[in-house]
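These are the residues of each chain, in order.
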There are 2 protein chains.
Amino acid sequence: MAVHAANAIDKRRSLLHETRCQNCSLSSLCLPLALELEDMEQFDAIIRRRAPLKKGESLFRQGSAFNSVYAVRSGSLKQVTTEGSGDDQVTNFYLPSELVGLDGIDEQAYPGSVIALETTTVCEIPFDRLDTLSEALPELRGQLYRSMSKELRDDRRMMRLLSRKTADQRLASFFSSLSDRFRRRGYSPYSFRLSMSRADIGNYLGLAVETVSRILGRFQQQGLVEVSGREVNILNLEALLAQAQEEP
Amino acid sequence: MAVHAANAIDKRRSLLHETRCQNCSLSSLCLPLALELEDMEQFDAIIRRRAPLKKGESLFRQGSAFNSVYAVRSGSLKQVTTEGSGDDQVTNFYLPSELVGLDGIDEQAYPGSVIALETTTVCEIPFDRLDTLSEALPELRGQLYRSMSKELRDDRRMMRLLSRKTADQRLASFFSSLSDRFRRRGYSPYSFRLSMSRADIGNYLGLAVETVSRILGRFQQQGLVEVSGREVNILNLEALLAQAQEEP
DNA sequence: ATGCCTCTATGATCACGATCAAGGAGGTGA
DNA sequence: TCACCTCCTTGATCGTGATCATAGAGGCAT
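Quick notes on the rules
Residues numbered from 1 in each chain as written. Chains lettered and ligands numbered in written order. Predicted model: local features only at pLDDT ≥ 70, side-chain atom pairs only at ≥ 80, totals over all residues. Heavy atoms only, no water. Phe/Tyr/Trp six-rings, centres within 6.5 Å; stacked < 30°, edge-to-face > 60°. Contact = heavy atoms within 4.5 Å. Buried area = accessible area lost by both parts, 1.4 Å probe. Salt bridge = Lys/Arg side-chain N within 4 Å of Asp/Glu carboxyl O. Helix = DSSP H or I, 4+ residues; strand = E, 2+ residues; numbered from the N terminus. Core = buried A, V, L, I, M, F, W, Y, C linked by side-chain atoms within 4.5 Å. Buried < 20%, exposed > 50% of the residue type's maximum accessible area, 1.4 Å probe, protein only.

What about the packing of aromatic side chains?
Stage number 1. This model, assessed by the stated rule, comprises 23 aromatic pairs over all chains.
Stage number 2. Members of the aromatic cluster, each reached through a chain of ring pairs, are A:F60, A:F66, A:Y70, A:Y110, A:F127, A:Y145, B:F60, B:F66, B:Y70, B:Y110, B:F127 and B:Y145.

What follows is the structure, encoded as structure tokens:
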């Protein structure tokens, strides 16, 4: 019994420990990136832990009231916007350290649902408290501006992809980008698992599922990648990058 | 002589008058929107007037150092991103009261050139001063967050347009959106002048110039709009809106 | 294991819009 | 005023990727 109790306490401690920004392995990528230890504690105090989301569960639904932004701790999510009659559009994928929900500030409602692609944990950051805190912490404010600005820049890149690139280039870009994002997070840039379906990828890239399948097959034949289900092995990243940037 | 001098002084005064946020006709749309008079004066103090840009002149060039954001006072501009070898992409059009340059914060450099489509005046807002001021003025800070958030939301809408809509829907959306933006600024939503070329429109919407021309012709035949060069008369806004949102 | 259902792959056909081509309109500077 | 150059329009053809159709593979609960 005593042993059990001790274990329980240990567990709680370790969970608590794990769960503070100061000890988070993502702190070098995440919002508090630029903060001093003391400031980070203040920031840490406002964030709320959430129970892990299971695959398919939604962090929030399109149209629900905006209260918080969320930092992804582990797992991944997709943002889906529904317009008119059942015509969904995947507008983003989120990986650990990325900030979800910033596009809800303006109208105080989320413009799309955000759904877990696998078991996923997030930190909830109530926006009014973040805003207040950003008053006292210029570094935090700057980081927030930068996050939004980066997202704007990424959006522009996406628009370019959607309006100028061929199907092959879109997929090459997609894999290059994923590879790069994994690399930055300390994972292998060559070998990873897709948490999203072909349908999600196609929807996101403005392509039919069949096209995604076909092109993956072709990439495989060309020796660029090795794909087995959702497992991806990038065999020739340079060629993939070249393909992604090539003129049509 | 005395009359001349008086006139000159009047002119200066009126220019000065014109040029303060308190008296700007755009103040209800622009960044200082939510500010009290006193706060607005503080904000007013940091903004810099710029000589008007002539058609074709650039506000800044892609890659140049980010120092300021700009609010459009009159006229219009386009944002153009060049990638690789001479392949331009128009990523945005800016109308009066809109904020230009927010996507440069992150990397401290502008990700695209911004070019005047006609004679255009802007207010320059040095970003470091804006940031500092936003510390003291929560309303200003909120407005800035909202501006960026709105741009994010607009980007998502654009992605949807580029990846799911037909050429007809894209043009219908484009005209609807322009109409709405003019309406909000107090201009006629039915009758306006395009400041951008067909090539710019096509590039922005991911369409060939020829397609733009053809579809405008068709819209005209269908009695939706009347187009003569760059003059546009919207004859049936409802139908245009319906067309824009219709499923493919 | 077994069956069900979703996800993925591959083939055949079709359509939208790009591209190529050429002529006309409109604005601008000498 | 004229010539030039850019912008716009219209026509003919072609290609990429969507759509339709089918079948196989893989995950999940029972």
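A look at the interface of chain B and chain A
Many descriptions give the size of an interface as the accessible area lost when the pieces come together.
Stage number 1. The interface of chain B with chain A comprises 45 residues on the first partner and 45 residues on the second.
Stage number 2. Across the chain B/chain A interface, buried area totals approximately 4400 Å², and carbon plus sulfur atoms make up 51% of it.
Stage number 3. It is B:Y145, B:R153 and B:R156 in chain B that bury the most area against chain A; as a group they hold 18% of the surface buried on that side.
Stage number 4. For the pair chain B and chain A, the interface holds 20 salt bridges.
Stage number 5. Its salt-bridge partner being B:D87, residue A:R164 comes within 3.6 Å of it at the nearest N-O pair.
Stage number 6. Of all the secondary-structure elements, those providing two or more residues to the side of chain B that touches chain A are β4 (77–83), β5 (87–94), α3 (127–136) and α4 (138–164) of chain B.
Stage number 7. At 19 residues, α4(B) tops the list of elements feeding residues into the side of chain B that touches chain A.

With respect to the nonpolar core
Stage number 1. Core analysis: the largest hydrophobic core is formed by 74 residues, its most contacted members being A:F43, A:I125, A:L130, B:F43, B:I125 and B:L130.
Stage number 2. In contact with B:F43, other than residues within four places in its own chain, are B:C21, B:L31, B:P32, B:L35, B:I125, B:L130, B:L133 and B:L140.
Stage number 3. In this structure, A:L194, A:L240, A:A244 and B:L216 belong to the second largest nonpolar core, which totals 69 residues.

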